[in-house]
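# Architecture and fold: a report
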Amino acid sequence: MSKKHHYVPRGYLRYFSIGGKRRQVFTFDKFRGSAYPVNIADAGCENYFNTLVVAGQRIAFEPMFNLPDDALARVLRGIHEHESIQHLSGEEQELVAMLAAVQFLRTKTIRQSHEDMQRLMVGELAKRGLAVSPDEAAAMKPSAEDLKIAALQGMQMVPKLTKILLEKDWTLMRAVGSDCFTTSDTPIAHKSAIPLGASGLASPGVEVAWPL
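These figures come from a predicted structure and were not determined experimentally.

About the criteria used
Residues numbered from 1 in each chain as written. Predicted model: local features only at pLDDT ≥ 70, side-chain atom pairs only at ≥ 80, totals over all residues. Heavy atoms only, no water. Helix = DSSP H or I, 4+ residues; strand = E, 2+ residues; numbered from the N terminus. Contact = heavy atoms within 4.5 Å. Areas by Shrake-Rupley, 256 points an atom, 1.4 Å probe, with all protein chains shown as cover. Lys, Arg positive; Asp, Glu negative; His and termini not counted. Charge placed at Lys NZ, Arg CZ, Asp CG, Glu CD. Salt bridge = Lys/Arg side-chain N within 4 Å of Asp/Glu carboxyl O. Buried < 20%, exposed > 50% of the residue type's maximum accessible area, 1.4 Å probe, protein only. Arc of directions from axis to C-beta. Polar contact = N/O pair within 3.5 Å; in protein donor to acceptor, adjacent residues only side chain to side chain. Core = buried A, V, L, I, M, F, W, Y, C linked by side-chain atoms within 4.5 Å. Pairing = 2+ DSSP bridges.

Across its full length, the chain holds seven helices and eight strands. Overall, the chain is about 60 × 45 × 35 Å in size when its C-alpha atoms are taken along their principal axes. Partitioning the contacts of the chain with sequence separation of at least 6, the portion at a separation of at least 24 is 64%. Total accessible area computed for the chain in this model is approximately 13,700 Å², and 56% of it derives from carbon and sulfur atoms. Seen as two clouds, the 25 positive and the 23 negative side-chain charges of the chain have centres 5 Å apart.

Time to look at the pattern of salt bridges. In total, this model carries six salt bridges according to the counting rule given. Arg32 serves as the salt-bridge partner of Asp29, at 3.7 Å between the closest nitrogen and oxygen. We classify Arg32 as exposed; its relative accessible area is 67%. Between Glu83 and Arg174 there is a salt bridge, with the nearest N and O atoms lying 2.8 Å from each other. On the criterion of sequence distance, the pair formed by Glu83 in the loop between α2 (66–82) and α3 (90–105) and Arg174 in the loop between α7 (158–166) and β7 (189–192) is long-range, its members being 91 residues apart. Classification of Arg174 as exposed rests on a relative accessible area of 62%.

Another aspect to go through is α7. Buried residues of α7: Val158, Leu161, Thr162, Ile164 and Leu165, and no others. Along the long axis of α7, the arc covered by the buried residues comes to 165°, so they all point the same way. Opposite the packed face of α7, turned more than 90 degrees from it, sit the exposed residues Pro159, Lys160 and Lys163. Looking at the buried side of α7, the elements it contacts are α3, α6 (144–154) and β8 (206–209).

Topologically, Thr162 is positioned in helix α7. The class of Thr162 is buried, set by a relative accessible area of 7%. A polar atom in the side chain of Thr162 sits 2.7 Å from the backbone oxygen of Val158. Setting aside chain neighbours within four positions, we find Thr162 in contact with Glu94, Ala97, Met98 and Ala101.

Take the environment of Met140 next. The topology assignment puts Met140 in helix α5 (residues 134–140). For Met140 and Met121, which are 19 residues apart along the polypeptide, the C-alpha to C-alpha distance reads 9.4 Å.

So, about the nonpolar core. Counting 38 residues, the largest nonpolar core has Tyr12, Phe104, Leu161 and Trp210 as the members making the most contacts within it. Elements with a contribution of two residues or more to this core: α1 (10–13), α2, α3 and α7. A total of eight residues in this core trace back to one element, the largest contributor, which is α3. Residues contacting Phe104, with those up to four places away along its chain left out, are Ile110, Leu161, Ile188, His190 and Leu201.

Let's shift gears to the pairing of strand β5 (residues 51–54). In regular strands, side chains alternate between the two faces of the sheet. Relative to strand β6 (residues 57–60), β5 is paired through four bridges, and the arrangement is antiparallel. Paired with Thr51 across the two strands is Ala60, which belongs to β6. Where β5 hands over to β6, the hairpin turn is made up of two residues, of which Ala55 adopts a positive phi near 50°.

Turning to unusual backbone geometry, a few remarks are in order. Positive phi is not limited to glycine here, since Tyr48 has a value of about 55°. Topologically, Tyr48 is positioned in the loop between β4 (45–47) and β5. Tyr48 sits in the partly exposed class, given a relative accessible area of 32%. A positive phi is found at Leu196, a non-glycine position, where the angle reads about 60°. With respect to the helices and strands, Leu196 occurs in the loop between β7 and β8.

Listed below in structure tokens is the structure:
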């Protein structure tokens with residue numbers, strides 16, 4: 001089994017390839033401020049990203065994404081061939097919503113949010129006069145394995161997120177002329193169209209964008 005685990009599927013990244021050859025994509029490094037071509041096999045992935053180490057044994061949960069990734073590749077072919085989502089049956093629309101939910105939950109950003117929660121907790125305790133020592137803060141910090149377990153458990157949210165996405169109004173937009181869409185290592189973005197509104201997916205006024 002490959003050690004290279006994708007959190008953004010190759011079948012998805014191909015539609016953002018250089019020259020449409022489906023081999024490389026341009027990657028922008030925010031920290032270096034530079035862009036460079038990367039083979040699709042090496043983009044949106046990390047070694048052993050979906051592998052747990054339990055009692056010295058490696059347990060890979062990467063295979064659980066094989067079926068969703070294959071289904072996404074089929075769905076994308078259909079959408080690009082029709083240049084529309086009108087052809088999608090109710091069952092196919094539900095599949096797209098489920099695939100979007102899976103993609104939303106499998107990214108590095110979601111894992112990072114669990115670690116961010118610990119930092120926010122330490123900060124809130126400090127505001128209330130309950131200072132946390134460096135040793136205590138380190139003990140509260142989730143390990144890499146903790147983050148993987150939390151991410152795996154989080155996949156139980158797929159049915160709920162699928163239902164939320166199905167209840168939204170769907171629109172397919174096409175880039176015109178020389179304009180184009182870009183994607184990232186967190187392909188699905190969401191924001192509230194209501195000033196100061198809540199940002200949860202189910203909150204009123206929250207829009208979800210997924211460049212395809």
